[in-house]
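Per-entry structural report
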Amino acid sequence: MKIAVAKETRDGEARVAVVPELVGKLTGLGYDVAVEPGAGLHALIADGEYAEAGATVDDAAFEGADLVVSVQPLSAQQIRGLARGTTTISFLPVNQEQQTVVELRDAGVTAHAVELIPRISRAQSMDGLSSQALVAGYRCAIVAAGMLRRFFPLNMTAAGTVQAAEIVVLGAGVAGLQAIATAKRLGAVVRAYDVRAAAAEEIRSMGAKAIELDLETLEGAGGYAREMTEDRADRQRELLTPYIAAADALITTAAVPGRPAPLLVTRDMVEQMKPGSVVVDLASESGGNVEGSVAGEVVRIGNAQVWGGRNVPSQMPGPASKLYAQNVVNLVTLMTAKDDEGSSVFSPDYADEILSGSCVTQDGRIVHEPTREAIEGAPAPEPEPAATSDDVPDEPSAPQDPQLDLPYDQEADQ
Ligand SMILES: NC(=O)c1ccc[n+]([C@@H]2O[C@H](COP(=O)([O-])OP(=O)(O)OC[C@H]3O[C@@H](n4cnc5c(N)ncnc54)[C@H](O)[C@@H]3O)[C@@H](O)[C@H]2O)c1
């Protein structure tokens, strides 16, 4: 059994899918581990460290591999170099990467998308979205602290007192809670808001103040948020305006699975912020929580510097790689079984919802139905049987909620 670790090819990607300290876990499962030269370079991991850990460092790492692991989707050229039947594990945002999905389908690759792993308790150790959100949330708070030209903590000195910075965090999921925890550790006064009912208690448990708005909460499937109506969005923006105007730094991390990021803060709201204030928009790449934020850039809106996040976990490639690699190793462990003689075999069981749920392509087909439909169109309708007088007309079907296509599960919040 052979597992190959790809050198990332996408611009700006500094992470790597396996770190040397986890090579032993894979060899312990019975895998030969082959790493493409330079795979760890941007995460400051030398090829020699992989070799010392028991991997081979090899230009032809993909040759004969049962499994190829990467952070970003493989390039078209890398995919064409895979033998049919090879399995891949990577992030694979199926909506944005339709051409890659087609390449994977046509190459006969069994491709797993980490973001489609169902968010059930058993899958938490494989949940790459959560592990990378944690890194991103921390980074957002550190960026805000670095950009803000004042202390985060209260300072009481002989010369006098300097007040703590006031931080507002919008969106208190995995990334938002980590941003809150980090800003609190740095001593700031933190207020936070999230549309989910459970979030207020989580915000308070981090030592922050929960902003309570006179609005209904919004829960979707699996403990996630639902999209707001335009009316509610307007009202939320109106009610949040005074909190944002009073903040020294605003950090936004709000997302709704499968949708563009919700617009929480208009340009007009940012223009009401104080001179020297800072805005950090983690959602910039997926449309932005803050109007006018640009992914990968700092722009000025009114008195504020607005930082737009772009591949934020990759800005801390060492810890992000280590956490992602742990997710990968746990998923590979699930794909590995024992044969009758007790030897390890690479033998994914597609009756397992974690593996079937995360699988996008297999045997030359797109098996993730929403992606298949988006790329190949709806299947031809079954020919209707001739109607008889006994036929009872069908109930009109309920409008389909596209969120139901997502692999999220109510168990997630239990
Ligand atoms: N495996 C698991 O069981 C598992 C793993 C991760 C997360 N979860 C659950 O899912 C929750 C959210 O996870 P996430 O961080 O990945 O979510 P996410 O990245 O999809 O969204 C981030 C946050 O934005 C919030 N949000 C959305 N619209 C908003 C709006 N208009 N205004 C303010 N906030 C808004 C959401 O409620 C969420 O808390 C977690 O807190 C947890 O309960 C479960």
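What you see is a predicted model, and the numbers here were worked out from it, not measured in a lab.

For the rest of this paragraph, the subject is helix α5 (residues 128-147). For α5, with 20 residues, the first-to-last C-alpha span of 28 Å sits near the 28 Å given by 1.5 Å per residue. With 15 of 20 residues buried, α5 is to be regarded as a mostly interior element.

Turning our attention to the confidence of the model for the protein. Scored by pLDDT, the protein has a mean of 92; 92% of the residues are at 70 or more. Low confidence marks residues 392-414, where pLDDT is under 50. Its contacts with residues over four positions away, or in another chain, come to 33 contacts.

Let's shift gears to the sheet that holds strand β18 (residues 359-362). With respect to topology, 8 strands assemble into an open sheet ordered β3-β2-β1-β4-β5-β6-β18-β19, the strand pairing being mixed. The outermost strands of the open sheet, each flanked by one partner alone, are β3 (56-57) and β19 (365-366). Of the pairings in the sheet, the one linking strand β1 (residues 2-5) to strand β4 (residues 67-69) comprises 3 bridges and is parallel in character. Within the sheet, the bridge partner assigned to Val5 lies in β4 and is Val69.

Ordered in space as β11-β10-β9-β12-β13-β15-β14, the 7 strands form an open sheet in which the pairing is mixed. Looking at strand neighbours, the two that pair on one side only are β11 (209-210) and β14 (298-301), the edges of this open sheet. As paired elements, strand β13 (residues 278-281) and strand β15 (residues 304-308) share 4 bridges and run parallel to each other. Note on β15: the bridge partner recorded for Val279 is Val306. Strands in contact with helix α6 (residues 174-185) are β9 (166-170), β10 (189-193) and β12 (249-252); relative to β10, the strand with the most contacts, it is inclined by about 165 degrees.

Attention now goes to the nonpolar core. Formed by 112 residues in total, the largest nonpolar core has its most connected members in Val5, Cys140, Ile167 and Ile180. In terms of residue count, α5 provides more of this core than any other element does, 10 residues in total. Each residue touching Ile167, except ones within four places of it in the same chain, is listed here: Ala144, Ala183, Ala188, Val189, Val190, Ala247, Asp248, Ala249 and Ile251.

An ideal rise of 1.5 Å per residue puts 24 Å on 17 residues; helix α8 (residues 230-246) measures up with 25 Å between its terminal C-alpha atoms. The principal kink in α8, of about 40 degrees, is found at Leu240, preceding the proline Pro242 by one to four residues.

The bulk of non-glycine residues show a negative phi, and the bulk of peptide bonds are trans. In this structure, Leu44 is a non-glycine residue whose phi angle is positive, near 65 degrees. The residue Leu44 is located in the loop between β2 (32-35) and α2 (47-52) in this model. Assessed through the 11 C-beta atoms surrounding it within 10 Å, Leu44 is described here as exposed. The phi angle at Asn311 is positive, at roughly 40 degrees, despite the residue not being glycine. Following the sequence through the fold, Asn311 ends up in the loop between β15 and α10 (317-334).

Rules used in this analysis
Residues numbered from 1 in each chain as written. Predicted model: local features only at pLDDT ≥ 70, side-chain atom pairs only at ≥ 80, totals over all residues. Helix = DSSP H or I, 4+ residues; strand = E, 2+ residues; numbered from the N terminus. Expected span 1.5 Å × (residues − 1). Buried ≥ 20, exposed ≤ 12 C-beta atoms within 10 Å, placed from the backbone. pLDDT = per-residue confidence, 0-100. Contact = placed C-beta atoms within 7 Å. Pairing = 2+ DSSP bridges. Axes fitted to C-alpha atoms, helices over the stretch in contact; angles between N-to-C directions. Core = buried A, V, L, I, M, F, W, Y, C linked by C-beta atoms within 7 Å. Bend = angle between axes of the 7 residues up to and from the residue.

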